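Notes for the structure review
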Amino acid sequence: MPKFLNTTDADFEAQFTALLAMKREDAPEVDDVVAEIIADVRARGDEAVIDLTETFDHVELTPETLAFSQDEIATEVAKVSREDKAALQMAAKRIRAYHSRQLPKDERWIDGTGASLGWRWGAISAAGLYVPGGLASYPSSVLMNAIPAQVAGVKDLTICVPTPDGVVNPLVLLAAQLSGVDRVYRIGGAQAVAAMAYGTETIAPVDKITGPGNAYVAAAKRRVFGKVGIDMIAGPSEILIIADRDNDPDWIATDLLSQAEHDASAQSILITDSADLAAKVAHAVTEQLESLPRAEIAGASWRDNGAIVTVANMTEAVALCDRIAPEHLEICTAAPETLLARIKHAGAVFLGQWTPEAIGDYIAGPNHVLPTARSARFSSGLNVLDFMKRTTVTRMTPESLKAIGPSAERLAASEGLGAHGRSVTARLERLNKGPGE
């Protein structure tokens, strides 16, 4: 059974604090293994990647077969049904349209002293996109990572997707095609992250690595950060649903289970001001688990990490939501927009009873790579700006340097940086001498 909390309980604060403090993503034994893998790839390059792939994925590769050939991609893509292809094409179109609106603009202006100031935006040169592999691989993850990068203007895109026991998901390769990516390596795990970060004889290093993965992938991304950029360290999936009494408990139960079925470490939470709805949803979850294909995983998630919180009113719900800062937030109330205006922290929000979170995983358009473990308090989901960088631009004139230069001299002197001050002073002295001096 999940945890049942009520804000009227005397020990509610202690119970809720414990809920927030749950460590669902800890894997301390992973880091040492990952460190060894990264060191091995740095030292032996292709040879290490090939050996590790045979060890973990039971696939024998050579430098020539690390990547899928164009013929292999075409053969696999041909296996995709017309209906699946159409669905993936619609998703790609909507994701591209949404992310195209995120492109930033360059700015330049002349300030009151005559100085020209501004910035320009440019794409990073190369990005590496990690996609979980095997039959459980997710073509939607390819679209969500590759399309924002392509919209940003990244020209060099590499995908790494493991193929355990040689299993390939044709939809992943089709998604790569639809995203404009044709270089797909059949490697995964920490070795793939290391290869993309440091490069091998065959695999060129990238500037940034994005995409979800298991604990080994997350640990590897954490270790290579600084050598390359990363999107985030993603933990187990989460959903929080705020619902009032006027909801179908079966719908709410299904939405809670939609995240629970991802992973036994996932977390699903319902906050409601209706004790009656709380009881009905708990019953509906139990009933639905009996027929769910991934019942064992979802059941463990719901039992160990799930929670139903009953509140006195929606003001309490808002306050608790901001403390949770959920990855996914569904607002199923009579006036969801009103509640949304009061909420500060959430990775992605889904408004109203007709907007299940699952629609955002695939087809709505916004990105599904989102901050977890309360990191929505300070970070955002993957977007076009993650694949771009802003360069500031400054141009002084003699008049503007006269206006602000003396203050720069003073600040340089106060920090004891003589050359800084002299670089300004030399120019001001030239200006003060006049053209004939």
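Residues numbered from 1 in each chain as written. Predicted model: local features only at pLDDT ≥ 70, side-chain atom pairs only at ≥ 80, totals over all residues. Heavy atoms only, no water.

Now for the overall build of the protein. A count of helical and extended segments in the protein gives 17 helices and 14 strands. For the C-alpha atoms alone, the extent of the protein along its principal axes is close to 95 × 60 × 45 Å. Across the 437 residues of the protein, 47% fall into the buried class. When contacts within the protein are restricted to residue pairs at least 6 apart in sequence, long-range pairs at least 24 apart make up 74% of them. Carbon and sulfur atoms make up 52% of the accessible area of the protein, which totals about 21,400 Å². (Helix = DSSP H or I, 4+ residues; strand = E, 2+ residues; numbered from the N terminus. Buried < 20%, exposed > 50% of the residue type's maximum accessible area, 1.4 Å probe, protein only. Contact = heavy atoms within 4.5 Å. Areas by Shrake-Rupley, 256 points an atom, 1.4 Å probe, with all protein chains shown as cover.)

With parallel pairing, the 6 strands of this open sheet are ordered in space as S1-S11-S10-S9-S12-S13. Edge positions in the sheet fall to strand S1 (3-6) and strand S13 (348-351), since each has one partner strand and no second. Taking each pair of neighbouring strands and ignoring which way they run, the sheet shows an average axis angle of 15°. Inspection of the sheet shows S1 paired to strand S11 (residues 307-310) by 4 bridges, in the parallel sense. Within the sheet, the bridge partner assigned to Leu 5 lies in S11 and is Val 309. Along the sheet, helix H10 (residues 249-260) contacts strand S9 (238-243), strand S10 (267-272) and strand S12 (328-332); its crossing angle with S9, the most-contacted strand, is approximately 165°. Along the sheet face, helix H13 (residues 314-324) touches S9, S10, S11 and S12 and points at about 170° away from the line of S9. (Pairing = 2+ DSSP bridges. Axes fitted to C-alpha atoms, helices over the stretch in contact; angles between N-to-C directions.)

Taking a probe equal in size to a water molecule and rolling it over the atoms shows the remaining empty space. Enumeration according to the criterion identifies 2 cavities of 30 Å³ or more in this entry. Taken as a whole, the largest cavity spans an internal volume of roughly 50 Å³. If you go around the largest cavity, you meet 11 residues; those closest to its centre are Val 161, Thr 163, Val 168, Asn 169 and Val 172. Classifying every residue of the lining of the largest cavity by side-chain character gives 7 nonpolar, 4 polar and no charged. (1 Å grid on protein atoms, 1.4 Å probe; cavity = no way out; pocket = protein on both sides within 12 Å on 5 of 7 lines; lining within 4 Å. Points joined across faces, edges and corners; volume = space filled by probe spheres on them. Nonpolar A, V, L, I, M, F, W, Y, C, P; charged D, E, K, R; others polar.)

Further remarks concern the environment of Leu 178. Within the fold, Leu 178 resides in helix H7 (residues 170-178). A C-alpha to C-alpha distance of 29 Å links Leu 178 and Arg 120, two positions 58 residues apart in sequence. When neighbours within four sequence positions are excluded, Leu 178 is seen to be in contact with Leu 88, Gln 89, Ala 92 and Arg 96.

To summarise the sheet geometry, strands pair through backbone hydrogen bonds and adopt either a parallel or an antiparallel arrangement. Ordered in space as S6-S5-S4-S7-S8, the 5 strands form an open sheet in which the pairing is parallel. Two strands bound the open sheet, and with one partner strand each, they are strand S6 (184-185) and strand S8 (229-230). Here strand S4 (residues 126-130) runs beside strand S7 (residues 208-210); their pairing, made up of 3 bridges, is parallel. Within S7, the residue paired with Leu 129 across the bridge is Thr 210. Running over the sheet, helix H8 (residues 189-198) touches S4, strand S5 (156-160) and S7 and is turned about 175° from S4.

Because an α-helix completes one turn every 3.6 residues, residues spaced three or four positions apart along the sequence face the same direction. Every buried residue of H13 is accounted for by Met 314, Ala 317, Val 318, Leu 320, Cys 321, Asp 322 and Ile 324. Turning to H13, the residues buried within the fold contact helix H1 (12-20), S9, S10, S11, S12 and helix H14 (336-340). The backbone nitrogen of Thr 315 has a side-chain oxygen 3.2 Å away, supplied by the residue at the start of H13, namely Asn 313. Ala 325, located one to two residues past H13, shows a positive phi value of around 50°. (Polar contact = N/O pair within 3.5 Å; in protein donor to acceptor, adjacent residues only side chain to side chain.)

Here we come to the pattern of salt bridges. The tally for this structure, following the rule as stated, stands at 12 salt bridges. A salt bridge links Arg 323 to Glu 13, with the nearest nitrogen and oxygen atoms 2.7 Å apart. Remark: Glu 13 occurs in helix H1 and Arg 323 occurs in helix H13; sequence separation between them is 310 residues. For Arg 323, a relative accessible area of 28% translates into the label partly exposed. (Salt bridge = Lys/Arg side-chain N within 4 Å of Asp/Glu carboxyl O.)

So, on to the packing of H10 against helix H12 (residues 295-305). The interhelical angle for the contact between H10 and H12, taken along N-to-C directions, is 105°, at an axis separation of 8 Å. Viewed along their axes, H10 and H12 adopt a mutual orientation that is roughly perpendicular. Between H10 and H12, the residues in contact are Leu 256, Leu 257 and Ala 260 and Ile 297, Ala 298, Ser 301 and Trp 302, respectively. Broken down by class, the residue content of the contact of H10 with H12 amounts to 6 nonpolar, 1 polar and no charged. (Parallel < 35°, antiparallel > 145°, perpendicular 65-115°, else oblique.)

To continue, consider the pairing of strand S3 (residues 116-123). In terms of strand pairing, strand S2 (residues 107-110) meets S3 through 4 bridges, oriented antiparallel. In the strand pairing of S3, Trp 109 is matched with Leu 117.

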